[in-house]
Amino acid sequence: MSPAIPSRNESHVLNQIIISPSDTDYLDQLIPSIKEYSIGNRTSQLLQSLAKFASDKEAEIEAICNTNHQEFVASINQLLRIREGTVSLTAEILDLNQSIQASTERLAEQKRALVESRSHRQNIDESSGAIQDCLEVLRLANQIHDLLSRKNHYAALRALEELQNVHLKGVTHYKIAEMIQRSVPATQKIIAEAVMSDLNTWLYRIREMSQYLGEIALYHTDLRKSRQKERAGALPYLGQFKLNSAIELVSDESEEYDLLQNDELQVDFTPLLECLHIHRSLGRIDMFRLEYANTRRRQKELLLPTSITLIDEDGACLHNLLEEMAGFAIVERSTMKRIPDLRSPMDVDELWDSMCQAAVSLIMKALREVDNAESLLKIKNLIALFMQTMNTWDFPVGVFDTFLLTLFEKYADLLKKRFSDDFQEIVSTDDYMPMPIQTVEEYEKVLNVSWYNPEKPHKEQMFPCVLPFSQMYPLCCIDIRNFLNQFYFFANDDFPHTNVIDETLKDALDELLSNKVCDTLVERLSSQYLGQIVQILINLEHFEHACRELELLLAAARSQTSSSEFVKLNATEKFKNNKKAAEKRIFEVVNSKIDDLIETAEYDWMAHIPPTEPSNYMQTLTRFLSNIMNSTLLGLPTEIKELIYFDALSHAANMILALPLSSDVKKINTNGVLALAKDVEYLYQFVDSLGVPILRENLDELQQTVQLMQADNTDEFYDISTRNKKYGRVDAINGPVLLEKIMRTVQSAAKTDKFATLSSRFGKKS
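Calculation rules
Residues numbered from 1 in each chain as written. Predicted model: local features only at pLDDT ≥ 70, side-chain atom pairs only at ≥ 80, totals over all residues. Heavy atoms only, no water. UniProt positions renumbered as here; feature names shortened; annotations may be inferred. Helix = DSSP H or I, 4+ residues; strand = E, 2+ residues; numbered from the N terminus. Buried < 20%, exposed > 50% of the residue type's maximum accessible area, 1.4 Å probe, protein only. Contact = heavy atoms within 4.5 Å. Core = buried A, V, L, I, M, F, W, Y, C linked by side-chain atoms within 4.5 Å. Phe/Tyr/Trp six-rings, centres within 6.5 Å; stacked < 30°, edge-to-face > 60°. Lys NZ or Arg CZ within 6 Å of the ring centre and 35° of its normal. Disulfide = S-S within 2.5 Å. pLDDT = per-residue confidence, 0-100. Polar contact = N/O pair within 3.5 Å; in protein donor to acceptor, adjacent residues only side chain to side chain. Expected span 1.5 Å × (residues − 1). Salt bridge = Lys/Arg side-chain N within 4 Å of Asp/Glu carboxyl O. Axes fitted to C-alpha atoms, helices over the stretch in contact; angles between N-to-C directions. Parallel < 35°, antiparallel > 145°, perpendicular 65-115°, else oblique. Left-handed = near helix turned anticlockwise from the far one by under 90°. Nonpolar A, V, L, I, M, F, W, Y, C, P; charged D, E, K, R; others polar.

Named according to an unreviewed UniProt entry, the protein is Exocyst complex component SEC15 originating from Aspergillus aculeatus. Recorded in UniProt for the protein, the comment headed Sequence similarities (unreviewed entry) runs: "Belongs to the SEC15 family." Recorded in UniProt under Function (unreviewed entry), the annotation for the protein is "Component of the exocyst complex involved in the docking of exocytic vesicles with fusion sites on the plasma membrane."

If you want it as structure tokens, here you go:
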């Protein structure tokens, strides 16, 4: 069997061993090779290589020895020694090999143990890492709940997102990741519910503070009105600019006030913003908008009570309602401005409109209880202040504006009723006597309240004095002025419908003056007391003048939006027309008295002796006419007095003339005519003493008729030319009738004389 040919690697090893410079290096090269070959169980191969090497060297030596014996022998000896050393070395190598073999087995066992321990350690490390990752996940999960318990909702949501998007991805192959992943929606829901719970708490607090917010808003609007009034007082030009106008807002810039952030109140929108942000992060923004809108709608419904009262002390119930509405709406408008994508203008305006409609319905129902105009005025002022406040926040107030018209109608009705009763009482309780004035203070007070222009200058007026009208006139004037003021109290700068007030005031004032003053005065004309009727006429005269002054006053006070610059009161014409009725009634009463007096006339138309003095009825009649002229009719205007006198004298003349014309009077003798003539002359002298020439004309017919009855030549009456000159006022029918009665008397007297003559003659014969 041929020896094995050493491999290239083994040759390299042998070369390294052989070329070693020393024994130590030799061993250093040999030992690693023995270890290497022992590990691979190739120790025998190494020995074979060494043996072959040795035999090769022996052959080489033998060849060398053949050429050089001595050197060969020496080399043999040396080789033997080397071989001996090699055998010893081989033994040592074998021992070393066994030792290395034993060490290698122990080392292999240790290595196997080490490999196994490394595997366990790796498993432990992996398990530890997995546990750490899982613990980190659990820590974040617990941290989320801890943040929720501390109300850090947004931080909890961010931690949840970090847990889901970062940490869970490292433990996806563990069951805990699946469990936590399944719990994420529930946790998100918990966060959403928690933040909604905080939002509901915030909304509840907002609702609680709404009234206070509204109260502050109304209070500062009132302050703005006061400041605007002060500026208008200092600079009248600013008075034409209303609240919330551009000029007013600029003028009031130095007094800007933040309703939502001030020393008295702070409205923090952080909970709402956080809730909105979290829902947006959760992709639930639409659901949140809907839920928030529903919540605010429910709060609006809870804000409005089922009923209110307007007759409570200080109007607290209406105050609370309007303040609640103002606060609620201001929060809505502020929310819309801060978060445009949460509350749209349409949503806010729709909610506001429904709230206004419901509030007006409540106020309308409660309005039936109110029967006091001052209470209505307070209600109007409060609502107007509320409207101005909401205009500041750009809320439409058309519903309340329309309601103010209804409120004004009721206000006007209550005023009319109250002043109607007042006028009725004043007119019905008046004494209808000229008003006495004791002091200058009383006089000035009457001049200030009434439309009276005295004939005498103020300095020439003596006291005490008597004014022509009765006490009812200045009292009614006071009521008229109060009525005007009460109406215009409603028509201040916060009521836009001034033209409605102008027309309503005109109609109401017209109705009161016509129905409650004029008609009542006219009703009292049925009195038989002349002084009362005269006083009514005087009062009507002054009321007519007052109406004309009122027309000017109302025209001056009319707003620029009114359709007409002129005001015409129907009462003016009514007072004027009823003056005629009063004059007529005076005529009737005076003529009635004249009739009564003349009916007492007891003429003896066939008197045997002529009269020596005027008849009693004539003296009484003239005294009556004198008395009414100097007392009862004294307060009347001169033209009316003259007219009454003219009519009275005309009536008296007709009634006196009717006495002889009566069908009961058949005959009139000269003494009867003289009695009538004396009475007529007495009446004529009385009228002449009055100093009013025109009054004499009333007695012309009576005087000429008496002259005709006394005429010696009565044929002149039948001559037209003569009659027109002497008896032109004598009635063409009455003249002949009276002349016939007188002529019959004359004829009868002639017959009587003839009969007496015959009787006397016949008696003598007897």
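*Asks:* Help me understand the overall build of the protein, please; the structure alone is not making it clear to me.
*Replies:* Each helix and strand counted, the protein has 25 helices and two strands in total. When the 766 residues of the protein are sorted by exposure, 40% land in the buried category. Partitioning the contacts of the protein with sequence separation of at least 6, the portion at a separation of at least 24 is 75%.

*Asks:* When you look at the nonpolar core in this model, what are you seeing that I'm missing?
*Replies:* Soluble, globular proteins show a tendency: their nonpolar side chains are buried together. Core analysis: the biggest nonpolar cluster contains 171 residues, and Met325 and Phe400 have the highest contact counts within it. For this core, the element with the most residues is helix 13 (residues 398-428), which contributes 13 residues. Ala711, Phe717, Tyr727 and Val730 belong to the second-largest nonpolar core, a separate cluster that totals six residues.

*Asks:* Just checking my understanding: could you explain the packing of aromatic side chains for this structure?
*Replies:* Considering all chains together, one arrives at 18 aromatic pairs under this definition. For the ring pair Tyr473 and Phe543, a centre distance of 5.2 Å and an interplane angle of 80° mean the geometry is edge-to-face. Taken together, the residues Tyr473 in helix 15 (residues 472-490) and Phe543 in helix 17 (residues 530-557) connect sequence positions 70 residues apart. For Phe543, a relative accessible area of 0% corresponds to the buried category. Note on Phe717 and Tyr718: the rings are 5.6 Å apart at their centroids and 85° apart in plane angle, and the pair reads as edge-to-face. Take Phe717: its relative accessible area is 1%, and that puts it in the buried class. Among the aromatic residues, those joined into a cluster by ring pairs are Phe408, Tyr411, Phe419, Phe483 and Phe487. Taking NZ or CZ as reference, Arg481 lies 4.2 Å from the ring centre of Trp451, over its face. The ring of Phe717 carries Arg723 above its face, with NZ or CZ at 5.3 Å from the centroid.

*Asks:* Looking at this structure, how should I read the state of the cysteines?
*Replies:* Every disulfide links exactly two cysteines, by a covalent bond between their sulfur atoms. Within the structure shown, the criterion is met by zero disulfides. Between Cys547, a free cysteine, and Cys518, which holds the nearest cysteine sulfur, the sulfur-to-sulfur gap is 8.4 Å.

*Asks:* How should I be thinking about the confidence of the model for the protein in this particular structure?
*Replies:* Do not read the predicted coordinates in detail wherever pLDDT is low. Per-chain confidence: the protein averages 79 in pLDDT, with 77% of residues scoring 70 or above. Across residues 1-5 the pLDDT falls below 50, and counting only partners more than four positions away or on other chains, this stretch makes two contacts in the model. Below pLDDT 50 for its whole length, residues 748-766 participates in one contact with residues either more than four positions away or in separate chains.

*Asks:* How do you make sense of the side chain of Ser527 when you look at a structure like this?
*Replies:* Within the secondary structure, Ser527 sits in the loop between helix 16 (498-523) and helix 17. Here Tyr529 takes part through its backbone nitrogen, which lies 3.0 Å from a polar atom of the side chain of Ser527. When near neighbours in sequence (up to four residues on either side) are disregarded, Ser527 contacts Gln532, Ile533, Arg585 and Val589.

*Asks:* Please clarify how helix 21 (residues 670-689) should be interpreted in this entry.
*Replies:* Three or four residues apart is the spacing at which side chains of an α-helix point the same way, because the helix has 3.6 residues per turn. Between its first and last C-alpha, helix 21 extends 28 Å over 20 residues, near the 28 Å set by a 1.5 Å rise per residue. Of the positions making up helix 21, those classed as buried are Asn671, Gly672, Val673, Ala675, Leu676, Ala677, Asp679, Val680, Leu683, Phe686 and Val687. Backbone nitrogen of Asn671 and a side-chain oxygen of the N-cap are separated by 3.1 Å at the start of helix 21; the cap is Asn669.

*Asks:* Before we go on, may I ask you to explain the pattern of salt bridges in this structure?
*Replies:* For the structure shown, the criterion picks out 17 salt bridges. Of the charged contacts, one joins Arg729 and Asp700 as a salt bridge, the two residues approaching to 3.2 Å between their closest N and O atoms. On the criterion of sequence distance, the pair formed by Arg729 in the loop between helix 24 (720-726) and helix 25 (734-765) and Asp700 in helix 23 (residues 700-710) is long-range, its members being 29 residues apart. Residue Arg729 is classed as partly exposed on the basis of its relative accessible area, which comes to 40%. A network of salt bridges, in which partner residues are shared, links Glu541, Glu544, Arg548 and Lys579.

*Asks:* What's the story with the environment of Arg83 in this structure? I'm lost.
*Replies:* As for its position among the elements, Arg83 is in helix 4 (residues 69-149). Put simply, Arg83 and Ala54 are 29 residues apart on the chain and 8.6 Å apart in space, counted from C-alpha to C-alpha.

*Asks:* Explain unusual backbone geometry to me, please; I cannot follow it from the model alone.
*Replies:* Note: most residues except glycine have negative phi, and most peptide bonds are trans. Of note, the bond from Phe463 into Pro464 is cis; its omega dihedral lies within 30 degrees of zero at 0°. Relative to the assigned elements, Pro464 resides in the loop between helix 14 (440-449) and strand 2 (465-467). In the Ramachandran plot, Tyr432 falls in the positive-phi region, its phi being about 55° despite a non-glycine side chain. The buried category is assigned to Tyr432, whose relative accessible area is 2%.

*Asks:* Where do I start with the packing of helix 15 against helix 17 in this structure?
*Replies:* The geometry of a pair of packed helices is captured by two quantities: the angle between their axes and the separation between those axes. At their nearest, the axes of helix 15 and helix 17 sit 11 Å apart, and the two run at 20° to each other. In this view, helix 15 runs roughly parallel relative to helix 17, as classed from their interaxial angle. Every pair of crossing elements has a handedness; the one defined by helix 15 and helix 17 is right-handed. Of the residues in helix 17, those in contact with Met472, Tyr473, Cys476, Ile480, Leu484 and Tyr488 of helix 15 are Asn539, His542, Phe543, Ala546, Leu550, Leu553, Leu554 and Ala557. A per-class count over the contact of helix 15 with helix 17 returns twelve nonpolar, two polar and no charged.

*Asks:* Quick question: what am I supposed to make of the packing of helix 17 against helix 18 (residues 570-599) here?
*Replies:* Where helix 17 contacts helix 18, the two axes come as close as 9 Å, and the packing angle between them is 165°. Of the possible angle classes, the one that applies to helix 17 and helix 18 is roughly antiparallel. As for the relative orientation of helix 17 and helix 18, their crossing is left-handed in sense. For the pair helix 17 and helix 18, contact is made by Leu530, Ile533, Val534, Leu537, Leu540, Glu541, Phe543, Glu544, Cys547, Arg548 and Glu551 and by Ala571, Thr572, Phe575, Lys576, Asn578, Lys579, Ala582, Glu583, Arg585, Ile586, Val589 and Val590, respectively. Its residues placed into classes, the contact of helix 17 with helix 18 shows 13 nonpolar, two polar and eight charged.

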